[in-house]
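Structural description and commentary
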Amino acid sequence: MLRNGLLYRTLVLATALSLFACAGKPVDRTAGERAAARERMVELLASRRIRDGALLEAMRTVPRHLFIPEGYRDTYDPYGDHPGPIGYGQTISQPYIVAYMTERMGVKPGEKILEIGTGSGYQAAILAALGAEVYSIEIIPELAEHARQVLKDQGFDNVRVLAGDGYRGWPDDIVFDAVIVTAAPAEIPRRLIEQLRDGGRMILPLGTWSQRLVICRKRGGEIEIEEDLPVRFVPMVRGEE
Ligand code: SAH
């Protein structure tokens, strides 16, 4: 009994210590450690069948941690296999989801891409690193400003960030090659389909409680819809009328 009690206490202590060690474990901090963390992230993506070499290279190069606002950067692993908080109740998407959506959409250098839900700016940076001309809309002005600043500091001058409501699309009459939506609407936003060129494609998480990635292709005025993975995104909220 006594021995068991001791064993129990030792186990509780050991568990508590290991939890403490995890919580207090410093996340990778030096440039070399960040690069090594990115390399591990890319290996994981490749093991999950992300095949596009240019995309893997972009994810190996873009410093994901810098897109996470400073107050959140060291409270979780920026290169971990999960989404993470960026403030205002919003998240930066899991690296695999960024890679998967980008690969499914297919990006060619010089293409005009509209992103809805700039958030941290990381997805926009990946598209820009692939040579796209990126237009990104974020409804929370502080996040739009944060993303604009990091993208500028990182030299991504092929990204424009607008603080506004994505349901309204890009204000100028631009026709996009592709649209990527990174917040979930309940229905496909009509204005975004209108801003797609003929032959263009859009990828978005669709639904409220249960969501799926959906890929829409616009062909001769018709929309082809392909359903894909189940996902979980923050809702695409409506702006003020
Ligand atoms: N692409 C982001 C992750 C997006 S999280 C990244 O790489 O970090 C989803 C974002 O969509 C949030 O920042 C949220 O504020 C924004 N959002 C929600 N509804 C929106 C709307 N109607 N228009 C534009 N942005 C919206």
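Quantities reported herein were computed from a predicted structural model and do not represent experimental measurements. (Residues numbered from 1 in each chain as written. Predicted model: local features only at pLDDT ≥ 70, side-chain atom pairs only at ≥ 80, totals over all residues.)

Comments concerning the overall build of the chain
Each helix and strand in the chain was counted, giving eight helices and nine strands. Residue burial in the chain is summarised as follows: out of 241 residues, 37% are buried. At a minimum sequence separation of 6, the contacts of the chain that also span at least 24 residues come to 52%. (Helix = DSSP H or I, 4+ residues; strand = E, 2+ residues; numbered from the N terminus. Buried ≥ 20, exposed ≤ 12 C-beta atoms within 10 Å, placed from the backbone. Contact = placed C-beta atoms within 7 Å.)

Quick look at the site of the ligand
Surrounding the ligand, one finds 24 residues, the nearest of these being Gly 117, Gly 119, Ser 120, Gln 123 and Gly 166. Of all the secondary structure elements, the ones that give two or more residues to the shell around the ligand are strand 2 (90-92), helix 6 (122-129) and strand 4 (133-138). Here the shell around the ligand is built from residues that sort into 12 nonpolar, 10 polar and two charged. (Near = placed C-beta within 6 Å. Nonpolar A, V, L, I, M, F, W, Y, C, P; charged D, E, K, R; others polar.)

Concerning the sheet that holds strand 9 (residues 222-231)
Strand order in the open sheet formed by seven strands is 5-4-3-6-7-8-9, and the pairing between neighbours is mixed. Of all strands in the sheet, those bounded by a partner on one side alone are strand 5 (159-163) and strand 9. Averaged over all adjacent pairs, the angle separating strand axes in this sheet is 15°, with direction ignored. Bridge count for strand 8 (residues 211-219) against strand 9 is eight bridges, and the pairing is antiparallel. The residue bridging Lys 218 from the neighbouring strand is Ile 223, located in strand 9. (Pairing = 2+ DSSP bridges. Axes fitted to C-alpha atoms, helices over the stretch in contact; angles between N-to-C directions.)

Description of the nonpolar core
The nonpolar side chains of a soluble globular protein tend to be buried with one another. Ile 113, Ala 125, Ile 126, Leu 127, Ala 128 and Val 179 are the most contacted members of the largest nonpolar core, which has 58 residues in total. Here this core takes seven residues from helix 6, the largest share from any one element. Those residues in contact with Ile 126 that lie beyond four places of it in its chain are Ala 58, Met 59, Val 62, Val 98 and Thr 102. (Core = buried A, V, L, I, M, F, W, Y, C linked by C-beta atoms within 7 Å.)

A word on the pairing of strand 5
Here strand 4 runs beside strand 5; their pairing, made up of five bridges, is parallel. When the sheet's bridge partners are listed, Ser 136 is paired in strand 5 with Val 161. Read from strand 4 through helix 7 (residues 141-153) to strand 5, the crossover connection turns out right-handed. (Right-handed = clockwise from strand over helix to strand, strands pointing away.)

Re helix 7
If you check helix 7, its first and last C-alpha atoms are 18 Å apart, about what 13 residues at 1.5 Å a residue would give, namely 18 Å. Buried residues of helix 7: Leu 143, Ala 144, His 146, Ala 147, Arg 148, Val 150 and Leu 151, and no others. Where helix 7 is buried, its residues touch strand 1 (84-87), strand 2, helix 6, strand 4 and strand 5. One or two residues past the end of helix 7 sits Gly 155, with phi positive at roughly 80°. (Expected span 1.5 Å × (residues − 1).)

Overview of the pairing of strand 7 (residues 196-206)
Among the 11 residues of strand 7, eight are classified as buried, and the element is accordingly described as predominantly covered. Sheet topology note: the strand 7/strand 8 ladder contains six bridges and is antiparallel. Looking at strand 8, one finds that Pro 205 is bridged to Leu 213. Between strand 7 and strand 8, which pair antiparallel in sequence order, lie four residues; one of them, Gly 207, sits at a positive phi of approximately 125°.

Some thoughts on the environment of Gln 154
Along the polypeptide, Gln 154 turns up in the loop between helix 7 and strand 5. Given 17 C-beta atoms within a 10 Å radius, Gln 154 is considered partly exposed. For the pair formed by Gln 154 and Val 62, sequence separation is 92 residues and the distance between their alpha carbons is 8.7 Å. For Gln 154, the contacting residues outside a window of four places in its chain are Leu 66 and Ala 125.

Side note on helix 3 (residues 53-61)
Within the span of helix 3, buried status applies to Leu 55, Ala 58 and Met 59. The buried residues of helix 3 occupy an angular sector of 95° when the element is viewed end-on, so they sit on one face. (Arc of directions from axis to C-beta.)

Some words on the confidence of the model for the chain
The pLDDT averaged across the chain works out to 90; a share of 88% of its residues lies at or above 70. Confidence over residues 6-26 falls short of pLDDT 50; this stretch has zero contacts with residues more than four positions distant or in other chains. (pLDDT = per-residue confidence, 0-100.)

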